[in-house]
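# A look at the structure
Chain by chain, the residues run as shown.
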Amino acid sequence: MGSAVAQCPHGITSHSTGNLGQKKLGYSSRCSKFPCQLDFARFGLLHQGSSAASSSDHSTEFGRRINAVPDMDDMFWDKVPTPLLDMVENPIHLKNLSVQELKELASEIRSELSCIMSEKPNSLKASLAVVELTIAIHHVFHAPVDKILWDVGEQTYAHKILTGRRALMRMMRQKNGLSSFTSRFESEYDSFGTGHGCNSVSAGLGMAIARDIKGKRDRVVTVISNATTLAGQVYEAMSNAGYLDSNMIVILNDSRRSLHPKIEQEPKTSITALSSTLIKIQSSKSFRKFREAAKGITKRIGRGMHELAAKFDEYARGMIGPQGSTLFEELGLYYIGPVDGHNLEDLICVLQQVSSLDSMGPVLIHVITEDNHQDAECNEKIEADNPQEGMITISYDDSVSSSVQTRTYSDCLVDSLLMEAEKHKDIVLVHAGMEMEPSFQVLQETFADRFFDVGMAEQHAVTFSAGLSRGGLRPFCIIPSTFLQRAYDQVVHDVDRQKIPVRFVITSAGLVGNSGPVYCGAFDVTFMSCLPNMIVMAPSDEDELVDMVATAAQIDDRPVCFRYPRGAIVRTDHFMHPGIPLEIGKGRVLVEGKEVALLGYGAMVQNCLKAQALLSRLGIEVTVADARFCKPLDTELLTLLCENRKIYSGGQLYYPTATSKTGCLRNN
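Calculation criteria
All chains use their own residue numbering, which begins from 1 and follows the written sequence. In keeping with the predicted nature of the model, local features appear solely for residues at pLDDT of at least 70, side-chain atom pairs appear and are counted solely at 80 or more, and the whole-chain, interface and lining totals rest on all residues. Derived side-chain values reflect all non-hydrogen atoms in the structure, with water molecules and hydrogen atoms excluded from consideration. UniProt positions are given in the numbering used here, feature names are shortened, and annotations may be inferred rather than shown by experiment. In predicted models, pLDDT denotes the confidence assigned by the predictor to each residue on a 0 to 100 scale. Any two residues having at least one pair of non-hydrogen atoms within 4.5 Å are treated as being in contact. Only buried Ala, Val, Leu, Ile, Met, Phe, Trp, Tyr and Cys residues count toward a nonpolar core, and they belong to the same one when joined by side-chain atoms within 4.5 Å. For every residue, the accessible area obtained with a 1.4 Å probe (protein chains only) is divided by the maximum for its type, and the residue is called buried under 20%, exposed over 50%, and partly exposed between those limits. Strands here mean DSSP runs of E at least two residues long; helices mean DSSP runs of H or I at least four residues long; both are numbered from the N terminus. Counted as a polar contact is a pair of N or O atoms within 3.5 Å, where, for protein atoms, one must be capable of donating a hydrogen and the other of accepting one, and residues adjacent in sequence contribute only when both atoms are in side chains. To pair, rings of Phe, Tyr and Trp, with the six-membered ring standing in for Trp, must have centres within 6.5 Å; the planes then decide the type, stacked if under 30 degrees apart, edge-to-face if over 60, and tilted in the middle. Two thresholds decide whether a charge sits over a ring: the Lys NZ or Arg CZ must be within 6 Å of the ring centre and within 35 degrees of the ring normal. Strands were regarded as paired on the criterion that DSSP finds at least two bridges between them. To obtain each axis, a line is fitted to C-alpha atoms, and for helices this fit is confined to the stretch in contact; angles are then taken between N-to-C directions over 0 to 180 degrees. Multiplying 1.5 Å by the residue count of a helix minus one yields the expected span of that helix.

By the naming in an unreviewed UniProt entry, the protein chain goes by 1-deoxy-D-xylulose-5-phosphate synthase and is assigned to Linum tenue. The UniProt entry for the protein chain carries the following comment under Subunit (unreviewed entry): "Homodimer."

What follows is the structure, encoded as C-alpha cells:
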C-alpha cells in the first residue's frame, strides 16, 4: 500500500492510496488551470485518514459545480499527450500559432474528442468533420466580439473545447453540466442558442442588420450543414439576406450526408490545385471589386449589355463551381467554393480574405468535409468503446456493468404498423426529424415504396401527409414531439381545419432525460388538444400502443394523434397481440378501490399503479383509471370516479358529491 498523486487531464488532481499498477503510477500530463482535487473515496481507493480529509473539501466544491465524479475507467490513464491543446484556454491563444502548429492542434483535438465522446459515435463523427474548420474560424475571427453561430449542436464540440469548456466536456448532457448545443447561458462565445437547426442564418442576419444600424464593424459568421439545408427557413433567410445585402458570412459544411442514396453514391466534388487557386481568386478583395466595377460599367452601357454580362458571369461561375452552386447566387449570396474543409491553409486564406471585405454583401463559403476524417487511433478507440448495436450498458455500481437487450416503444410501433400494413395495403409512412431511430429503418427497408423520410422538413411532412390522404391513402406521419412544434401551422390549417384523416405518431413525448430541453416533448398534449377536430390519445403500455395503431388505421373522417415516451416498454416479454380498435373517447378502470381515485393519461398510468401499490400497503384502497383519450374526454368515467370517493387532503377527508362542485370537508 502506498500513496499516489495522479495528475489527471484538465488540471484535476486526485489523491489516492492503494495498490495502483505501475502503468497508472507512471501517468503524467500537462494540466490547464482548473483548480480542484478529486476524492476517489467512492471507488474504494482512499483510506479514512488525513489524506482523505485533506481532499474532501476540494472534492465537495468540485461536486457542487458539476455534480458528478468521473468513473475510474474514464480518467484517461492512456490519454495521448496534448501539449498545444493544454495551452489553449480561449480562442485568443490561437492567433499566434503557425499553420503547422494549428495542424498539430487539430490532431490533438481529435484525440481529445475520441477519448471523451467515444460513447456517442454518431455525434462524434459530426464534430470530427469540422475540427479544422472550427480552428480556422477562431484563428481568423475575434469571438466573442465577432458573432459565430452554429446550426447543429453535434458540430460544436471542438468549439466548446477551444472556448474554455474542455474540463467539463465529460459533463455534457448531465445535471449542471454542459449542453450538447450552443447556449447563451453557458458561454459568451455562444452568440445564439442552437435548437433544431436551420435558425442560424436568420439569427445571424438579424445581428448583422442590428450591427449596421448601430454603426459597428463586427463580423457575423454562421455555419450550416447538409441536414439544415432541407428546412425551408434556411432559404427564406438567404433570400432575405440577399435582398438586404448586409455583410455576413454563411459557411456551408458539406459532409455529403443526404437522405437520397443516389446522391451519396455519386462521385464527390473534387478539389484540385487548380480549383484551390480559383477559390483564392474568387475570395480576393481585388476580384470582388473588379466584378462590382464591371457590373457598374455594363449598367451604364445599357440594360441588354448588363443582362448579357450577368448571364455570362453566371455561366462561367457555374462551370467552375459544383452542381447547384448558382442557386446561392440566385438567392443573392456571393458563392465561394468548394473549399477543402481539412486544408487549414486554404481555409485560413479564404476566411481572411472574406473577413477583409467591407460592404460587399452576404457571402456563402462551400466547405467540403468528411465525417470519417480522423486518425487511425481515433477509429480504434471508437470501435473499442462503442457497444454493440441494439444493446445498452447498465451500471449497477462503480465496478460492475452489464449489457442487456432492451425493447422500446418504437420497436412495438414498428411491429404493430407491420401488422396493420398487411391488413391495409394503402397505409403509407412519412417520417420527419433530425435523425431516424434504428427501429424505423426496418420499416424503411420493408416498405421502401411506402416509406418517405423527409428529414428536417416537418412542415412539408404534415402537408405532404395531407396530400397523401386526399389521394386515397392512409398516412401515418411520424414526428418527435419537439419537432412537431415547427409544423403546427400546417397541422391547424392543412389538416385539422379541413378534417383530413392524417394519423400523427408523436414520438419522444414528455421528458427525454439527458437530451435536455431542446428535445423535451412536454407541450404536444396541450397544443393538439385545443384543435376542434383532432382526436388525442396516449397508450399506458405497449399493448395499448398496438390497439391505438389499429384505432388510428380505422379512423377515416378526421385527424388523430397518439404519443408515446422515449425509452423501454413496461413488460419484459416480447409477445405482440393483434391490435383491437378502441371505442373513441372511452377510458377504463384498471384497479377498483373505495377511498382514493387516480386518473392517469399515457405513461403516467404506470406511476398511478405504483402509487396504488404503495398506498395499499398503508390500508388505503385506491382506484386507478386509464383515461386513454385526452380529447374527447370520457366524462362518464370522471363522474364515476368522483362518486363516493374519499380524497385525502392534509389532515382532512374530501368527499366529492354528485350535486356539488366543491364537495364537503370532514375532520379525519
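Now, onward.
## Quick look at the confidence of the model for the protein chain
On average, the protein chain scores 76 in pLDDT, and the residues at 70 or more come to 67%. For the stretch residues 381-404, pLDDT sits under 50, and the model shows 33 contacts to residues farther than four places along the chain or on other chains. Note that pLDDT drops below 50 for residues 649-654; the model gives that stretch 21 contacts with residues more than four away or on any other chain.

## Focus on the nonpolar core
Counting residues in hydrophobic clusters, the biggest one holds 49 residues, and the most contacted among them are Leu105, Ile109, Ile135, Ile251 and Ile365. No other element matches the 7 residues that helix α4 (residues 99-116) contributes to this core. Every residue in contact with Leu105, bar those within four places of it in the chain, is listed here: Leu84, Leu85, Val88, Leu94, Leu97, Ile135 and Leu162. Among the nonpolar cores identified, the runner-up in size contains 33 residues, and Ala461, Cys477, Val536 and Ala538 belong to it.

## Observations concerning the side chain of Asp151
As for its position among the elements, Asp151 is in the loop between β4 (147-150) and α7 (157-165). Side-chain polar atoms of Asp151 contact the backbone nitrogen of Asn199, separated by 3.1 Å. A polar atom in the side chain of Asp151 sits 2.9 Å from the backbone nitrogen of Ser200. Excluding residues within four positions of it along the chain, Asp151 makes contact with Thr194, Gly197, Cys198, Asn199, Ser200, Val223, Ile224, Thr228 and Val234.

## Describing the packing of aromatic side chains
All told, the structure shown has 4 aromatic pairs when counted by the stated rule. With a centroid separation of 5.1 Å and 70° between ring planes, the pair formed by Tyr488 and Phe527 is classed as edge-to-face. Taken together, the residues Tyr488 in helix α21 (residues 488-496) and Phe527 in helix α22 (residues 524-529) connect sequence positions 39 residues apart. Here the basic side chain of Arg184 rests over the ring of Phe185, its NZ or CZ set 5.4 Å away from the ring centre. Directly above the ring of Phe476 sits Arg503, whose terminal nitrogen or CZ lies 6.0 Å from the centroid.

## Considerations on the sheet that holds strand β18 (residues 596-600)
Taken in spatial order, the 3 strands make up an open sheet running β17-β19-β18, and their pairing is mixed. This sheet does not close on itself; its edge strands, each paired only once, are β17 (588-591) and β18. For this sheet, the mean inter-axis angle between neighbouring strands, taken without regard to orientation, is 30°. Examined bridge by bridge, β17 and strand β19 (residues 622-626) share 3 bridges and lie antiparallel to one another. Opposite Val591, over in β19, you have Val624 as the bridge partner.

## A closer look at unusual backbone geometry
Note the cis peptide between Ala143 and Pro144, where omega equals 5°. For Pro144, the position within the fold is in the loop between α6 (131-140) and β4. Going from Gly337 to Pro338, the amide bond is cis rather than trans, its omega being 0°. Within the chain, Lys499 stands out as a residue other than glycine whose phi angle is a positive 55°. Tracing the backbone shows Lys499 in the loop between α21 and β14 (503-509). One non-glycine residue with positive phi stands out, namely Ser508, at about 50°. Note that Ser508 resides in strand β14.

## Here we look at the environment of Ser529
Mapped onto the secondary structure, Ser529 falls in helix α22. Ser529 has contacts with Asp524, Val536, Cys630 and Lys631, leaving out every residue within four places of it along the chain. Here the side chain of Ser529 touches Val525 through a polar contact of 2.5 Å, landing on its backbone oxygen.

## Description of helix α8 (residues 200-214)
Here α8 is 15 residues long and its end C-alpha atoms lie 21 Å apart, about the 21 Å a rise of 1.5 Å per residue gives. By the burial criterion, the buried members of α8 are Ser200, Val201, Ala203, Gly204, Leu205, Met207, Ala208 and Arg211. Elements that come into contact with the buried residues of α8 comprise β4, β5 (220-225), α9 (232-244) and β6 (249-254). A positive phi of about 75° marks Gly215, the residue just after α8.

## Here's the deal with the sheet that holds β5
Spatially, β4-β5-β6-β8-β7 is the arrangement adopted by the 5 strands of the open sheet, whose pairing is parallel. Pairing within the sheet leaves two strands with one partner each, and these edge strands are β4 and β7 (334-340). With direction set aside, neighbouring strand axes in the sheet form an average angle of 20°. Sheet topology note: the β6/strand β8 (residues 363-368) ladder contains 6 bridges and is parallel. Paired with Val250 across the strands is Leu364, a residue of β8. Across the sheet, helix α15 (residues 344-355) touches β6, β7 and β8, and the angle it forms with β7 is around 160°.

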